[in-house]
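# A look at the structure
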Amino acid sequence: MAFHLTQGTFSYLPPLTDDEIKMQIDYALNHNWPLSVEFTDDPHPRNTYWEMWGLPMFDQKDPAAILYEINECRKAYPNHYIRLNAYDPSRGRQTLALSFIVNRPANDPGFHLHRQEVADRQIHYTLHSYATDKPKGERFSD
Amino acid sequence: MSATEENKTKGRWASGVIPYREMGYWRPDYEPLETDIICLFRIIPQEGVEPEEAAAAVAGESSTATWTVVWTDRLTSYDDYRAKAYRVDPIPGTNQYFAYIAYSIDLFEEGSVTNVAASVIGNVFGFKALKALRLEDMRFPLHYVKTFQGPAHGIVVEREYLDKYGRPLLGATTKPKLGLSARNYGRVAYEALRGGLDFTKDDENIGSQPFMRWRDRFLYVMEGVNRAMAETGEVKGHYLNVTAATMEDMYERAEFARDLGSVIIMVDLVVGYTGIQSMAKWARKNGMILHLHRAGHSTYTRQKTHGVSFRVISKWMRLIGVDHIHAGTVVGKLEGDPNMIHGFYKTLRDSKVEANLQEGLFFDQDWGSMPGVMPVASGGIHAGQMHLLLHHLGEDVVLQFGGGTIGHPMGISAGATANRVALEAMIKARNEGKDILNEGPEILQKAARLSPSLQAALDVWKDVSFNYESTDTPDVIPTPSV
């Protein structure tokens, strides 16, 4: 079975259409959560800092304009992972409220689980993305 | 007559026995200070005992008093140190009373739930003058809250650590609870995690038994966890139960879990307040999420007339510093009136909780900047209830489907996928503005068209529900408006 990265709020559903993405944008804007677009070709689950497609759109209240940015990012990075984040800046939360993948590379070879066998039957585990064997920018290209 | 005046009268200090209410523990004129800790007790006095005297006795025995007058009281600033029963309300239609008792903040050691418990539930519950006693709620002033570490990480840090946002987390407890060998046990964790769950879990009674020693379990489970992470590219965890006979054993197991790279450990409530708080400190120091299984709580939380409400246990556990706590499902197999559970969830998660009698919340409670505890819903729940779970419990919760994952007809991994598909479909629908409470079943059926796993889950568990009357219910019900 082909590898399928399951990070993000919606990874077990069919890819959201642009109309469906827009409804999620509406939901975020109704809560006053600014949206941002990020992309990466390093899908390691501990890769927290995906590249920012511009700054978070703090003042953008038009869902169509946010969808436009997603599509511009898709044009520039068709073979990258792209995610849409909604951020809740309210006191006591100050973290992401919603974050889901809106673009996937055509083919992700997945992860190698590296096992370092040490004393007393212990194993030290390391996840390694096969894609990152190639230099940045050349990953996921077929 | 104020207590001070009363104490001036000669008789107060004569040797012998006088009623507690005349010793200064009944003070209907008292206005609680902002810094006071307040307890609300449900009391049933013995026949012939006035409710005010019963309340005063509880105040006395949980603070400075003994059964007789002692002259050594006069060496202290006794009026400050006495707890004060200041209000007693009859509960209509019963022989019960609500007694409000205020305690000076200086009666309690800073940062010690154990010390609080030793006072407020230490002696009084066996007191002969009472037929029954229940600690219903406590108000902790922010001054006292601030003396605690609080949750080792809290909801926000946990979400960032796990990289999971916008939806409840999903878990499953390994079944059968007892008897699997370590190798087979790790298989269950692997299958459930790779299928789409975020967490798997040891059950409360998994320690280090002959059929599976703790060290073997940890090794095989972590193989399963890491394999599942490689299959999905997502952070996964298994609550490794470090509950053991001594603190030394618990630290040894926790350290081993940390060295193997686990993100989370668990303890059982039966290890006691001090044991849990020690583990909470350890968990913050070692970057480990701390899950608490409330094993044993129903022995004292369930019956309405005697014991300690789970609302109080929730407050204590937030102060003590756990990151997760089982707090009820509303719809599952275990006790839980919906209103009461809403009250527990607010108590665990919110920064400021307002009094709400219908939800059993008797006091405003300000938690300041103390992080929230992630409630865990576990016990007899399945994918077909996803809309109800999301409606009642909200987003910051771990939904644990043990049987509802492992009992799936197509296997554990399919069971996990069914739950994840159901959850994501429900979140998506809710965000799109759909009325999930009413349209939930159709939303699930629609999602199942693209997910054979979900379809099988809906088919097999479609009629399962646990509709029994709750025992722990609110005393206040809304008056129906016409």
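Model, not experiment: these values are computed from the prediction.

## What to know about the overall build of chain A
For chain A, the count of helices and strands is two helices and six strands. N-terminal to C-terminal, the α/β element order of chain A is α-β-β-α-β-β-β-β. Reported as C-alpha extents along the three principal axes, the dimensions of chain A are approximately 55 × 40 × 25 Å. Residues classed as buried in chain A amount to 46% of the 142 residues present. Excluding contacts between residues fewer than 6 apart, the proportion of contacts in chain A whose partners are at least 24 apart in sequence is 57%.

## A few points about a negative patch on the surface
A cluster of acidic residues, Asp-80, Asp-106, Glu-109 and Glu-110 of chain B, forms a negative patch at the surface. Inspection of the secondary structure puts Asp-80 of chain B in helix 3 (residues 78-81).

## So, helix 1 (residues 18-30) of chain A
Taking 1.5 Å per residue as the helical rise, helix 1 of chain A with its 13 residues ought to reach 18 Å, and the 18 Å between its terminal C-alpha atoms agrees with that figure. Of the residues making up helix 1 of chain A, those classed as buried are Ile-21, Gln-24, Ile-25, Tyr-27, Ala-28 and Leu-29 of chain A. Residues of helix 1 of chain A that are buried make contact with strand 1 (35-40), helix 2 (63-76), strand 3 (81-88) and strand 4 (95-103) of chain A together with helix 16 (412-431) of chain B. Just beyond helix 1 of chain A, the residue with positive phi is Asn-32 of chain A, at close to 60°.

## Some thoughts on the side chain of Thr-329 of chain B
Position of Thr-329 of chain B among the secondary structure elements: in the loop between strand 11 (324-326) and helix 13 (338-349). In this structure Thr-329 of chain B touches Ile-341, Ala-377, Ser-378, Gly-379, Ile-381, Leu-389 and Leu-393 of chain B, once residues within four positions along its chain are discounted.

## Overview of the sheet that holds strand 1 (residues 37-45) of chain B
All names here are of chain B. The strand order 2-3-1-4-10 describes an open sheet built from five strands, whose pairing is mixed. Of all strands in the sheet, those bounded by a partner on one side alone are strand 2 (84-90) and strand 10 (307-308). The pairing of strand 2 with strand 3 (residues 97-103) spans six bridges and is antiparallel. Residue pairing for strand 3: Asp-89 is matched across the bridge by Phe-98.

## Description of the interface of chain B and chain A
Taken together, the contacts link 41 residues of chain B with 39 residues of chain A. Buried surface at the junction of chain B and chain A, both sides included, amounts to about 3,400 Å², of which 52% is carbon and sulfur. On the chain B side of the contact with chain A, Tyr-165, Lys-428 and Asn-431 of chain B bury the most area, a combined 18% of that side's loss. Inspection of the region where chain B meets chain A yields four salt bridges. With a shortest N-O distance of 3.0 Å, Asp-216 of chain B and Arg-121 of chain A are connected by a salt bridge.

## What to know about the sheet that holds strand 1 of chain A
All names here are of chain A. With antiparallel pairing, the four strands of this open sheet are ordered in space as 2-1-3-4. Looking at strand neighbours, the two that pair on one side only are strand 2 (51-52) and strand 4, the edges of this open sheet. In this sheet, strand 4 lies alongside strand 3 in antiparallel orientation, the contact comprising seven bridges. In the sheet register, Ala-86 faces strand 4, and the bridge partner there is Leu-98.

## Quick notes on the side chain of Thr-243 of chain B
Residue and element names in this part refer to chain B. Residue position: Thr-243 is located in the loop between strand 7 (237-241) and helix 9 (247-259). On the basis of relative accessible area, Thr-243 is assigned to the buried category, the value being 13%. A polar contact of 2.9 Å, which involves the side chain of Thr-243, links it to the backbone nitrogen of Asp-268. Setting aside residues up to four positions removed in sequence, Thr-243 forms contacts with Met-250, Arg-253, Met-266, Val-267, Asp-268 and Val-271.

## Observations regarding the pattern of salt bridges
Any two side chains of opposite charge can pair, on the condition that their charged atoms come close. Taken as a whole, this structure holds 42 salt bridges over all chains when the rule is applied. Between Lys-428 of chain B and Glu-20 of chain A there is a salt bridge whose closest N-O contact spans 2.9 Å. With Lys-428 of chain B in helix 16 and Glu-20 of chain A in helix 1, this pair bridges two chains. What makes Glu-20 of chain A partly exposed here is its relative accessible area of 21%. The shortest N-O distance in the salt bridge between Asp-41 of chain A and Arg-139 of chain A comes to 3.0 Å. You can see Asp-41 of chain A sitting in the loop between strand 1 and strand 2 and its partner Arg-139 of chain A sitting in the segment after strand 6 (123-129), a full 98 residues away along the chain. The class for Asp-41 of chain A is buried, based on a relative accessible area of 1%. On the accessibility criterion, Arg-139 of chain A (13% relative accessible area) is buried. Connected through shared salt-bridge partners, Lys-164, Arg-167, Asp-198, Glu-234, Lys-236, Arg-420 and Glu-424 of chain B make up one network.

## Regarding the pairing of strand 6 of chain A
Residues and elements named next belong to chain A. Here strand 6 shows a buried face lined by Ile-123, Tyr-125, Leu-127 and Ser-129 and an unburied face lined by His-124, Thr-126 and His-128. The pairing of strand 5 (residues 111-117) with strand 6 spans seven bridges and is classified as antiparallel. Residue pairing across strands places Glu-117 opposite Ile-123, the latter belonging to strand 6.

## Some words on the packing of aromatic side chains
Residue and element names in this part refer to chain A. Counting across every chain of the model gives 24 aromatic pairs over all chains. For the ring pair Tyr-27 and Trp-33, a centre distance of 5.7 Å and an interplane angle of 80° mean the geometry is edge-to-face. By the burial criterion, Tyr-27 is buried, and Trp-33 matches it. Measuring from ring centre to ring centre gives 6.4 Å for Phe-39 and Trp-53, while their planes differ by 75°; the resulting arrangement is edge-to-face.

## So, the environment of Thr-173 of chain B
With respect to the helices, strands and loops of the structure, Thr-173 of chain B is situated in strand 5 (residues 169-173). Distance from Thr-173 of chain B to Arg-134 of chain B, taken between C-alpha atoms, is 32 Å for residues 39 residues apart in sequence.

## Some remarks on the nonpolar core
One finds Leu-84 of chain A together with Met-138, Trp-316, Met-317 and Leu-399 of chain B to be the most contacted residues of the largest nonpolar core, which totals 167 residues. The leading source of residues in this core is helix 16 of chain B, at 10 residues. Residue assignment places this core across two domains, with domain 1 (37-146) and domain 2 (155-462) of chain B each supplying three or more.

## Brief notes about the packing of helix 16 of chain B against helix 18 (residues 452-460) of chain B
Residues and elements named next belong to chain B. Running from N to C, helix 16 and helix 18 cross one another at 95°; their axes reach a closest spacing of 8 Å. The angle between the axes of helix 16 and helix 18 places the two elements in the roughly perpendicular class. Contact residues: Ala-414, Thr-417, Ala-418, Val-421 and Ala-422 in helix 16; Ser-453, Leu-454 and Ala-457 in helix 18. Its residues assigned to classes, the contact of helix 16 with helix 18 shows six nonpolar, two polar and no charged.

## Observations regarding the UniProt feature "domain: Ribulose bisphosphate carboxylase small subunit" (unreviewed entry) in chain A
Mapped onto the present numbering, the UniProt feature "domain: Ribulose bisphosphate carboxylase small subunit" (unreviewed entry) falls on residues 6-105 of chain A. Secondary structure content for residues 6-105 of chain A is 27% helix and 25% strand, and the end C-alpha separation is 13 Å.

## Focus: unusual backbone geometry
Cis geometry marks the peptide bond from Lys-175 of chain B to Pro-176 of chain B, where omega comes out at -5°. With respect to the element layout, Pro-176 of chain B can be found in the loop between strand 5 and helix 7 (182-194). The phi dihedral of Gln-94 of chain A falls on the positive side, at around 45°, and the residue is not glycine. Its place among the elements puts Gln-94 of chain A in the loop between strand 3 and strand 4. You will see that Asp-163 of chain B, though not glycine, has its phi angle at about 60°, which is positive. Counting through the fold element by element, Asp-163 of chain B comes out in the loop between helix 6 (154-162) and strand 5.

Conventions we followed
Residues numbered from 1 in each chain as written. Chains lettered and ligands numbered in written order. Predicted model: local features only at pLDDT ≥ 70, side-chain atom pairs only at ≥ 80, totals over all residues. Heavy atoms only, no water. Helix = DSSP H or I, 4+ residues; strand = E, 2+ residues; numbered from the N terminus. Buried < 20%, exposed > 50% of the residue type's maximum accessible area, 1.4 Å probe, protein only. Contact = heavy atoms within 4.5 Å. Patch = residues over 30% accessible without salt bridge, like charges linked within 9 Å, V, L, I, M, F, W, Y side chains within 5 Å. Areas by Shrake-Rupley, 256 points an atom, 1.4 Å probe, with all protein chains shown as cover. Salt bridge = Lys/Arg side-chain N within 4 Å of Asp/Glu carboxyl O. Lys, Arg positive; Asp, Glu negative; His and termini not counted. Charge placed at Lys NZ, Arg CZ, Asp CG, Glu CD. Expected span 1.5 Å × (residues − 1). Pairing = 2+ DSSP bridges. Buried area = accessible area lost by both parts, 1.4 Å probe. Polar contact = N/O pair within 3.5 Å; in protein donor to acceptor, adjacent residues only side chain to side chain. Phe/Tyr/Trp six-rings, centres within 6.5 Å; stacked < 30°, edge-to-face > 60°. Core = buried A, V, L, I, M, F, W, Y, C linked by side-chain atoms within 4.5 Å. Domains from an automatic or database assignment. Axes fitted to C-alpha atoms, helices over the stretch in contact; angles between N-to-C directions. Parallel < 35°, antiparallel > 145°, perpendicular 65-115°, else oblique. Nonpolar A, V, L, I, M, F, W, Y, C, P; charged D, E, K, R; others polar. UniProt positions renumbered as here; feature names shortened; annotations may be inferred.

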